[in-house]
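# A closer look at the structure
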Amino acid sequence: RRMPPPRRDDVRAGMPADVVALAESCDRCFELGAEYVNPLPAWRAAGGAAVLLGDAAHAMPPFLGQGTNQAVQDAFCLADCLAGEASLEAALDAYEAARKLAVARLGFNSVVLGAVETLAPSAFRDAFFRTTSALGVAKVVFLDGAVPKV
């Protein structure tokens, strides 16, 4: 579900005057929403004529900074599967099977962290990140995407 754009006063609240002035002087502005693509549907066209990888297959909000990393892992995995399987169909099946769980987990974690970062009251957000950091949970979540799964 898309959220309505923020009201102009909400966007300006707490911003330094020079930042507001710079933004207001722009001829054009773009809303670059953080989108999530469900990673579970097929990542290929019927017959294997085209296959998706990276954000085209499984875009996720940017709160874990994994876009490029996951695209590189997808490319490596796809190449490895194409080289190691007897048929195109088997290679694409192996590629999707190898990558879907990892990117689905990262996407979920990114959605949750994004909600905490942008929607939760600041006191809750700060307590959440302090607690998960102290317990070592934050390290596990943030390093999860950095460790290759291929």
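Before reading on, note that the structure itself is shown above.
All of the points below concern the structure found in this document. (Residues numbered from 1 in each chain as written. Predicted model: local features only at pLDDT ≥ 70, side-chain atom pairs only at ≥ 80, totals over all residues. Heavy atoms only, no water.)

### Details of the packing of aromatic side chains
- Under the definition given, this model contains three aromatic pairs.
- Seen from their ring centres, Phe124 and Phe128 are 6.2 Å apart, and the 25° between their planes marks the pair as stacked. Linking Phe124 with Phe128, this pair stays in helix H6 (residues 122–134), spanning four residues, or about one helical turn.
- Owing to a relative accessible area of 47%, Phe124 belongs among the partly exposed residues under this scheme.
- When the ring of Phe128 is compared with that of Phe129, the centres are 5.2 Å apart and the planes differ by 80°; the resulting orientation is edge-to-face.
- For Phe128, a relative accessible area of 24% translates into the label partly exposed.
- Ring pairing ties together the aromatic residues Phe124, Phe128 and Phe129, which thus form one cluster. (Phe/Tyr/Trp six-rings, centres within 6.5 Å; stacked < 30°, edge-to-face > 60°. Helix = DSSP H or I, 4+ residues; strand = E, 2+ residues; numbered from the N terminus. Buried < 20%, exposed > 50% of the residue type's maximum accessible area, 1.4 Å probe, protein only.)

### So, the pattern of salt bridges
- For the coordinates displayed, the defined rule picks out seven salt bridges.
- A salt bridge links Glu89 to Arg44, with the shortest nitrogen-to-oxygen separation between them at 3.5 Å. Taken together, the residues Glu89 in helix H5 (residues 88–118) and Arg44 in the loop between helix H2 (17–24) and helix H3 (55–58) connect sequence positions 45 residues apart.
- Given a relative accessible area of 44%, Glu89 falls into the partly exposed group.
- Here Asp93 ties to Arg44 by a salt bridge, and the two come within 2.3 Å at their closest N and O atoms. In this pair, Asp93 is assigned in helix H5 and Arg44 in the loop between H2 and H3, connecting sequence segments 49 residues apart.
- Overlapping salt bridges bring together Arg44, Glu89, Asp93, Glu96 and Lys100 as one network. (Salt bridge = Lys/Arg side-chain N within 4 Å of Asp/Glu carboxyl O.)

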